Amino acid sequence: MTLWHGRLEGGMDNALAELSVSLHYDIRLIVEDVAGSHAHVDGLVGAGILTTDEADVLHGALEQTRGEILSGVLTSTPSDEDIHTLVERRVTELAGDLGARLHTGRSRNDQVATDLRLWTRTALAEVASSVVSLQEVLLQRAKDSGSRYLPGYTHLQRAQPILLAHHLAAHAWALSRDVDRLCQSVHRLNVSPLGAGALAGTSLGINPDATAAALGFNHAFTNSLDAVSDRDFVAEALFDIALLGVHLSRMGEEIVLWSTDEFAFVTVDDAFATGSSMLPQKKNADVAELARGKSGRLIGNLTGLLVMLKGLPLSYNRDLQEDKEPLFDAVDQVLLVLRAVTGLYKTLMFHEEAMQGAADAPGAAAIDLAEFLVSHGTPFRQAHAVIGGLVAESLRGGATLSELVANHPELGTDAAALLRPGVAVTNRTSPGGAGPIPVAKQLLQLEEHLKLENKAVSALPVLRVR
Ligand code: ARG
């Protein structure tokens, strides 16, 4: 029997039933759906619609239903279109007439919006906490890397030597913006739609503020139309995850590159590598490639949702049911990637010699030569041209850059000393720069920041389950 058997005659065509059903995925909202119903039942007591004894029966039936669904003993029937229908059907079997009162003053429209906000709240907190775990690994690896350095790149051309710690910390700072965004999104989504009804509220004396408080929301909606139609929180969650995915993709691409024989900056631990089914010598960085690959899917989830939303008139439209699968998928996938990338970085082997060898090419200190001239009074643009000329001359052969510098009247042996291996990186002394002095300070700042992030994440609202 459908929920609307009084209005429509006969059963649903199979084609519609199969199109309409969402239980196979929205069953994931079971905990949130039952929590919302508990709050709603208490709200009906407050409105004088149920007695406390009646409410107790419903609370008991809801708990039993939740247990049966979570343990898999409750089997669904074809008319259990979604999680809300299934729970209501079972509660009605258990509590008889009282079950038929459960949906008083409520619609699946405000119900599903409530459930999904609760689910997203918990899911984003889990994603944020997994990001912090990855950042902690990056910080640890940065601390352990001491004075090791590698070339920093622009345009994927060697540019200037930088500390490995600086490079690893750069990824951690990008991730800290992800954590911040996830926390902000949780705060913004933490508004209860429950009590909006189908779209316009109800004539019954329910109090949305009370149900909002019971579910740990900051406050209730102020406009019932907006409450049932707003999926901004899903779009925001998908954007946060898509951008996080882009950061993870960039990290993945780097490991793919660094683990090639051409770079040979790192070796991926065997536990995070795969072999080839045909080529016996192969060792592939599949974790890094999947981190890169999954980001396309995460962006797809966001764009799919935005396109679905863009043409909808107010207020609830069934199209909105298409919000859940991209959201569930994005959360599942990004959690998988985070766990694997965290393990990958934890166990990654860095090859000091290859990194430092690449960073010690004399050209890498060219800017230091120009700045040497600047400190002796030459305007920077002129200094740039002089050093550029020497680099070009050295590339033509005959004399090395070092020799040319040592013999240059305005440069000499003091300037040539700047070209010695490992010197250039120590000269990156400006705040936020890539040398040992600012990096030591930066790692302390990162450590402090991670403490704040941990605090912020653990202060995110959680759903209290009965
Ligand atoms: N399964 C539906 C969804 O996810 C629940 C709301 C259905 N409401 C309706 N009026 N048909 O959006």
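Residues numbered from 1 in each chain as written. Predicted model: local features only at pLDDT ≥ 70, side-chain atom pairs only at ≥ 80, totals over all residues. Heavy atoms only, no water.

Engineer: Outline the pattern of salt bridges, supporting the account with residue identities and numerical values.
Structural biologist: A side chain of one charge can pair with a side chain of the opposite charge when the charged atoms of the two come close. Summed over the entire model, instances satisfying the criterion amount to 23 salt bridges. Its salt-bridge partner being Arg-89, residue Asp-80 comes within 2.6 Å of it at the nearest N-O pair. A relative accessible area of 2% places Asp-80 in the buried class. Taken together, the salt bridges that share partners define one network made up of Glu-68, Asp-80, Arg-89, Arg-90 and Glu-93. (Salt bridge = Lys/Arg side-chain N within 4 Å of Asp/Glu carboxyl O. Buried < 20%, exposed > 50% of the residue type's maximum accessible area, 1.4 Å probe, protein only.)

Engineer: Go over the pairing of strand 2 (residues 157-163) with me, naming the residues and quoting the values.
Structural biologist: Pairing geometry for strand 1 (residues 149-154) and strand 2, over six bridges, is antiparallel. Counterpart to Tyr-149 in the pairing with strand 2 is Leu-163. Hairpin geometry of strand 1 and strand 2 is characterised by an intervening segment of two residues between the two adjacent antiparallel strands and by a positive phi of about 55° at His-155. (Pairing = 2+ DSSP bridges. Helix = DSSP H or I, 4+ residues; strand = E, 2+ residues; numbered from the N terminus.)

Engineer: Describe the site of the ligand, listing the residues and the values that go with them.
Structural biologist: In the region of the ligand, the neighbouring residues are Ser-22, Asp-82, His-84, Arg-108, Asn-109, Val-112, Tyr-316, Arg-318, Gln-321 and Lys-324. Separating a nitrogen atom of the ligand from a side-chain N or O atom of Asp-82 is a distance of 2.9 Å. Notes on the ligand: free accessible area 340 Å², of which the protein chains cover 86%. Looking at the shell around the ligand, the element that brings in the most residues is helix 6 (residues 108-144), giving three residues. (Near = heavy atom within 4 Å. Polar contact = N/O pair within 3.5 Å; in protein donor to acceptor, adjacent residues only side chain to side chain. Areas by Shrake-Rupley, 256 points an atom, 1.4 Å probe, with all protein chains shown as cover.)

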